[in-house]
Amino acid sequence: MPQNIKPSEVSSVIQQEITKYDAKLKMETVGTVLQVGDGIARVWGLDKVMSAELVEFIPTQRHSEPIYGMALNLEEDNVGCVVLGDDSVIKEQDEVRTTGRIAQVPVGKALIGRVVNALGQPLDGKGPIVTEDYQPIEGRSPNVVQRQPVKEPLQTGWISIDSMIPIGRGQRELIIGDRQTGKTALTIDTILNQKEEDVICIYVAIGQKASTVAGIIDTLEKYGAMKYTIVVSATASDPAPLLYIAPYAGCAMGEYFRDNKQHALVIYDDLSKHAVAYRQLSLLLKRPPGREAYPGDIFNLHSRLLERAAKLSNELGGGSLTALPIVETQAGDVSGYIPTNVISITDGQIYLEPDLFYAGIRPAINVGISVSRVGGSAQIPAMKQIAGRLRLDLAQYRELAAFAQFASELDKTTQSQLIRGERLVELLKQPQFQPMPVAEQVIFIWLGTNGYLDNLPTGKVKPFVEGFGKFIHDQHPGIIETIKKTRKLDMQTVENLKKAVEEYVKHTEDKT
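Rules and cut-offs
Residues numbered from 1 in each chain as written. Predicted model: local features only at pLDDT ≥ 70, side-chain atom pairs only at ≥ 80, totals over all residues. Heavy atoms only, no water. Helix = DSSP H or I, 4+ residues; strand = E, 2+ residues; numbered from the N terminus. Buried < 20%, exposed > 50% of the residue type's maximum accessible area, 1.4 Å probe, protein only. Contact = heavy atoms within 4.5 Å. Areas by Shrake-Rupley, 256 points an atom, 1.4 Å probe, with all protein chains shown as cover. Lys, Arg positive; Asp, Glu negative; His and termini not counted. Charge placed at Lys NZ, Arg CZ, Asp CG, Glu CD. Phe/Tyr/Trp six-rings, centres within 6.5 Å; stacked < 30°, edge-to-face > 60°. Salt bridge = Lys/Arg side-chain N within 4 Å of Asp/Glu carboxyl O. Axes fitted to C-alpha atoms, helices over the stretch in contact; angles between N-to-C directions. Parallel < 35°, antiparallel > 145°, perpendicular 65-115°, else oblique. Left-handed = near helix turned anticlockwise from the far one by under 90°. Pairing = 2+ DSSP bridges. 1 Å grid on protein atoms, 1.4 Å probe; cavity = no way out; pocket = protein on both sides within 12 Å on 5 of 7 lines; lining within 4 Å. Points joined across faces, edges and corners; volume = space filled by probe spheres on them. Nonpolar A, V, L, I, M, F, W, Y, C, P; charged D, E, K, R; others polar. Core = buried A, V, L, I, M, F, W, Y, C linked by side-chain atoms within 4.5 Å. Patch = residues over 30% accessible without salt bridge, like charges linked within 9 Å, V, L, I, M, F, W, Y side chains within 5 Å.

Draft legend 1. Expanded view of the overall build of the protein chain. Scanning the protein chain for helices and strands turns up 15 helices and 17 strands. The principal-axis extent of the C-alpha atoms belonging to the protein chain is close to 115 × 55 × 45 Å. Counting all 512 residues of the protein chain, 51% fall into the buried class. Nonlocal contacts in the protein chain, meaning residues at least 24 apart in sequence, comprise 74% of its contacts between residues at least 6 apart. Only carbon and sulfur atoms are counted for the fraction: they give 51% of the accessible area of the protein chain, which is about 24700 Å². Mean positive and mean negative side-chain charge positions of the protein chain (55 and 62 charges, respectively) differ by 4 Å.

Here you go:
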């Protein structure tokens with residue numbers, strides 16, 4: 001022992017260390033990787049693991065971030081885990097540990113304005129997400145007693161949807177159609193329209209190209225929508241397990257706001273790719289295949305996701321989570337396996353037809369097949385008052401248009417119905433990134449259904465309507481304010497509208 005160290009000092013240091021020592025017993029179940037590949041790892045030794053529990057892989061190769069997996073198949077001699085990350089660094093005989101946690105994601109206000117992956121980890125380079133709140137990705141949907149009927153409108157800003165296929169807060173409305181028919185465009189405009197509506201939006205991109213997702217984020221930032229939006233991105237280059245859990249993660253983030261007396265909108269774009277990712281995992285886990293090689297629980301996959309959308313009872317705060325799932329069809333086949341499954345779960349569907357899209361009618365909504373099972377409950381009284389007439393006029397036009405091409409002479413009633421229908425179709429056309437406030441929608445539909453557009457050439461309908469909208473804002477702002485406040489179209493407002501139309505017609509005639 002060196003001369004300058006005293007035994008008494010050494011013993012006092014040891015005594016201090018002994019008094020500070022606190023033995024904590026930590027129980028861990030440790031297993032070994034038997035086989036790994038294609039995002040699936042078979043593990044031996046995890047006897048106490050729970051279904052859907054997170055497990056941590058300890059690769060022998062050095063790796064900067066922990067690699068997590070999720071236990072899905074609990075078999076007699078091994079556990080089938082999906083790897084939520086890069087499986088190329090995991091090798092046979094690597095160690096695997098249980099975490100005691102069911103798969104969960106961070107939730108809360110800290111995520112608003114951020115772009116995250118399916119595990120809630122940031123992808124936008126804006127630093128870590130600081131939140132103490134976590135929720136399991138697989139939540140239990142509210143029961144019948146905990147819900148109330150859907151009765152508040154969720155305005156999309158699309159005149160054709162808000163008038164004829166209304167969506168309410170807490171509803172599940174499917175958007176279905178072939179690729180490149182405007183499904184994503186419709187949902188992006190719905191997000192843009194929530195700027196003044198106090199609705200938190202969650203956009204979940206499942207299996208899309210990274211460049212497409214980047215374009216959507218740029219659009220949301222350009223129009224100031226990222227201030228109230230969370231983007232969950234699981235692109236085509238990500239492993240199938242991340243595509244599988246992405247919609248559940250987005251739903252858990254939305255449930256946080258629903259359960260805290262707020263309103264949230266979650267968009268799943270799209271569930272066709274989600275089903276394909278789940279089929280891939282199921283086949284690799286050697287689960288028995290069924291129709292079109294999808295596993296037997298493919299219906300449950302989407303029903304347990306979409307049933308979590310709800311309008312909660314007043315006792316639970318009255319918050320809501322609205323779901324807009326997207327499903328892509330092949331060559332317009334609405335009767336496919338996944339489309340029919342999701343149609344049967346949701347409260348209606350908006351069908352986008354390629355023929356209408358290529359004919360320049362955008363949004364390309366087929367009003368005949370599209371339906372909202374909530375109906376007028378999700379509309380303001382003013383819209384409910386005039387929307388029935390609009391739907392009837394369009395239905396008559398569709399029937400007559402089919403026969404009119406074969407007829408040589410048409411009576412005056414048929415001609416007038418055809419003219420009205422053509423003008424209404426023109427009225428319902430709407431460019432992207434221009435969501436329309438509901439008060440303006442009511443005024444424009446009132447113009448169309450009351451015959452004020454019938455005498456105009458079809459090409460002049462849109463300029464007339466846009467010009468009248470500007471005229472109302474400048475000269476008669478009280479009309480719009482009245483509809484906004486009362487949400488009704490009373491006799492006095494109708495009289496004021498008639499006078500305003502006469503003024504505007506005279507004003508345009510004077511100009512010409």
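Draft legend 2. Representation of the side chain of Thr 219. Tracing the sequence through the fold places Thr 219 in helix α4 (residues 210–222). Ignoring anything within four residues of it in the chain, the contact list for Thr 219 reads Ile 188 and Phe 433.

Draft legend 3. Looking closely at the packing of aromatic side chains. Considering all chains together, one arrives at 10 aromatic pairs under this definition. When the centroid spacing of 5.9 Å and the interplanar angle of 70° are considered together, the rings of Tyr 244 and Tyr 248 count as edge-to-face. Taken as a pair, Tyr 244 and Tyr 248 lie in helix α5 (residues 240–259) at a separation of 4 residues, close to a single helical turn. A relative accessible area of 4% means that Tyr 244 is categorised as buried. With relative accessibility at 0%, the residue Tyr 248 sits in the buried group. Note on Phe 357 and Tyr 358: the rings are 5.8 Å apart at their centroids and 80° apart in plane angle, and the pair reads as edge-to-face.

Draft legend 4. Spotlight on the pattern of salt bridges. In total, this model carries 21 salt bridges according to the counting rule given. Here Asp 270 makes a salt bridge to Lys 273, at a shortest N to O gap of 2.8 Å. Its relative accessible area of 29% is what places Lys 273 among the partly exposed residues. With its nearest N and O atoms 3.2 Å apart, the salt bridge here joins Glu 426 to Lys 429. In this structure, a network of salt bridges that share partners links the residues Arg 147, Arg 172, Glu 307 and Asp 347.

Draft legend 5. Looking closely at the packing of helix α12 (residues 438–449) against helix α14 (residues 477–486). At a closest axis distance of 9 Å, the pairing of α12 and α14 adopts a crossing angle of 110°. As judged from the angle between their axes, α12 and α14 are roughly perpendicular. As for how α12 packs across α14, the hand of that crossing is right-handed. Facing α12, whose interface residues are Ala 439, Glu 440, Val 442 and Ile 443, α14 presents Ile 479, Ile 480, Ile 483 and Lys 484.

Draft legend 6. Layout of the pairing of strand β10 (residues 174–177). Here β10 shows two buried faces, one formed by Leu 174 and Ile 176 and the other by Ile 175 and Gly 177. Direction of pairing for β10 relative to strand β16 (residues 348–352): parallel, over a ladder of 4 bridges. Bridging across to β16, Gly 177 finds its partner in Leu 352. Relative to strand β15 (residues 320–328), β10 runs parallel, the two sharing 3 bridges. Residue pairing across strands places Ile 175 opposite Ile 326, the latter belonging to β15.

Draft legend 7. The arrangement of empty space enclosed by the protein in detail. Counted according to the given criterion, the structure contains 1 cavity of 30 Å³ or more. Its boundaries defined by the atoms lining it, the largest cavity holds a volume of some 30 Å³. The wall of the largest cavity is formed by Gln 155, Asp 162, Pro 166, Ile 167, Ala 378, Gln 379, Ile 380, Met 383 and Val 438. Here the residues of the lining of the largest cavity sort into 6 nonpolar, 2 polar and 1 charged.

Draft legend 8. Main features of unusual backbone geometry. Cis peptide bonds are those with omega within 30 degrees of zero, and the linkage from Asp 269 to Asp 270 qualifies with 0°. Cis peptide bonds are those with omega within 30 degrees of zero, and the linkage from Arg 362 to Pro 363 qualifies with 5°. With phi around 60°, Asp 38 is a residue other than glycine that occupies positive phi space. Following the sequence through the fold, Asp 38 ends up in the loop between β1 (30–37) and β2 (40–44). For Arg 487, which is not glycine, the phi torsion reads 60° and is therefore positive. Residue placement: Arg 487 occurs in the loop between α14 and α15 (491–511). When its relative accessible area of 38% is taken as the criterion, Arg 487 is described as partly exposed.

Draft legend 9. Expanded view of the nonpolar core. If you look at the biggest cluster of nonpolar residues, it comprises 134 residues, and the most contacted ones within it are Met 70, Tyr 268 and Phe 468. The dominant element in this core, judged by the number of residues it contributes, is α5, at 13 residues. Each residue touching Met 70, except ones within four places of it in the same chain, is listed here: Ala 52, Glu 53, Val 55, Gly 80, Cys 81, Val 82, Leu 84, Ala 103, Ile 137, Tyr 244 and Ile 245. The next biggest cluster of nonpolar side chains, apart from the first, holds 15 residues, and it includes Val 49, Val 55, Ile 67 and Ile 90.

Draft legend 10. Structural view of a nonpolar patch on the surface. Taken together, the side chains of Val 10, Ile 14 and Ile 18 define a hydrophobic patch exposed on the protein surface, amounting to about 260 Å² of accessible area. Along the chain, Ile 14 falls in helix α1 (residues 7–20). Since its relative accessible area comes to 47%, Ile 14 is described here as partly exposed.

Draft legend 11. Quick peek at the environment of Gly 290. Checked against the element boundaries, Gly 290 lands in the loop between α6 (271–284) and α7 (298–306). The exposure class assigned to Gly 290 is partly exposed, which follows from its relative accessible area of 41%. Once the C-alpha coordinates of Gly 290 and Leu 418 are considered, the two residues, 128 residues apart in sequence, prove to be 48 Å apart.

Draft legend 12. The arrangement of helix α8 (residues 337–345) in detail. Judged by how many residues are buried, α8 sits mostly within the fold: 7 of 9 residues are covered. Of the residues making up α8, those classed as buried are Tyr 337, Ile 338, Pro 339, Asn 341, Val 342, Ile 343 and Ile 345. In this fold, the buried residues of α8 make contact with β10, α6, α7, β15 and β16.

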